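The chain contents come next:
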Amino acid sequence: MSDHGMMEKEEIFSKVLRAGRRTYFFDVRSTKAEDYYLTITESKKFTNDDGSFHYKKHKIYLYKEDFNEFNEILKEMTDYIIDEKGDEVISERHQKDYKKEDYNSNNDDLAEGGESVDDSDSADKFTDINFEDI
């Protein structure tokens, strides 16, 4: 069977979720036994120093026998996060109108390597992180 015929057989149903630098692909595919399974692929865009870019991809294969437990745990975890923190995004970097230049608005104050020369107000630009929460 040709590669093209195999691709048509494998790709049954697909959806895409674009989320900033990340894109999530949800694909229903077919096994050799004609059963279906789900792949979830996260693709994240990275820009190199020279302006070129590349993508890193991570894929999860989810089979029917795991759907119920996966759905239960996913719902439990997402409900927990919403109950604890609400559905508002806390990080400025995740806002749709976030611009990198706003975060470092005065690049003249940066030393080589991106460190701030005048750190008198730099504490206001950072968020306390408790690594136990990660």
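Further up the page is the structure itself.
Residues numbered from 1 in each chain as written. Predicted model: local features only at pLDDT ≥ 70, side-chain atom pairs only at ≥ 80, totals over all residues. Heavy atoms only, no water.

## Topic: the side chain of Lys 44
Point 1. Here Lys 44 lies in strand β3 (residues 36–47).
Point 2. Buried charged residue Lys 44 carries no salt bridge. Nearest counter-charge: Glu 42, at 6.1 Å.
Point 3. Apart from the residues lying within four places of it in its own chain, the contact partners of Lys 44 are Arg 21, Arg 22, His 54, Tyr 55 and Lys 56. (Helix = DSSP H or I, 4+ residues; strand = E, 2+ residues; numbered from the N terminus. Buried < 20%, exposed > 50% of the residue type's maximum accessible area, 1.4 Å probe, protein only. Lys, Arg positive; Asp, Glu negative; His and termini not counted. Salt bridge = Lys/Arg side-chain N within 4 Å of Asp/Glu carboxyl O. Contact = heavy atoms within 4.5 Å.)

## Thoughts on the pattern of salt bridges
Should the charged atoms of two oppositely charged side chains come close, the side chains can pair.
Point 1. Counted by the stated rule, this structure contains four salt bridges.
Point 2. Residue Arg 29 pairs with Asp 27 through a salt bridge whose shortest N-O separation is 3.9 Å.
Point 3. On the basis of relative accessibility, which here comes to 13%, the residue Arg 29 falls in the buried class.
Point 4. Given a relative accessible area of 11%, Asp 27 falls into the buried group.
Point 5. Note that Asp 35 is salt-bridged to Lys 64, the shortest N-O span being 2.7 Å. Residue Asp 35 is found in the loop between β2 (22–30) and β3, and its partner Lys 64 is found in the loop between β4 (53–63) and α2 (67–85); the two are separated by 29 residues along the sequence.
Point 6. Residue Asp 35 is classed as partly exposed on the basis of its relative accessible area, which comes to 34%.

## Some points on α2
Point 1. Across its 19 residues, α2 extends 26 Å between first and last C-alpha, which sits within 8% of the 27 Å expected from 1.5 Å per residue.
Point 2. Of all 19 residues making up α2, only zero are buried, and the element is barely covered by its neighbours.
Point 3. At the C-terminal side of α2, Gly 86 shows a positive phi close to 75°. (Expected span 1.5 Å × (residues − 1).)

## Some words on the side chain of Thr 39
Point 1. Tracing the backbone through its elements, the reader meets Thr 39 in strand β3.
Point 2. What makes Thr 39 buried here is its relative accessible area of 0%.
Point 3. If we skip the residues at most four places from it in the chain, Thr 39 touches Phe 25, Phe 26, Asp 27, Arg 29, Lys 59, Ile 60 and Tyr 61.

## Some remarks on unusual backbone geometry
Point 1. Even without being glycine, Glu 34 reaches a positive phi, approximately 70°.
Point 2. Mapped onto the elements, Glu 34 comes out in the loop between β2 and β3.

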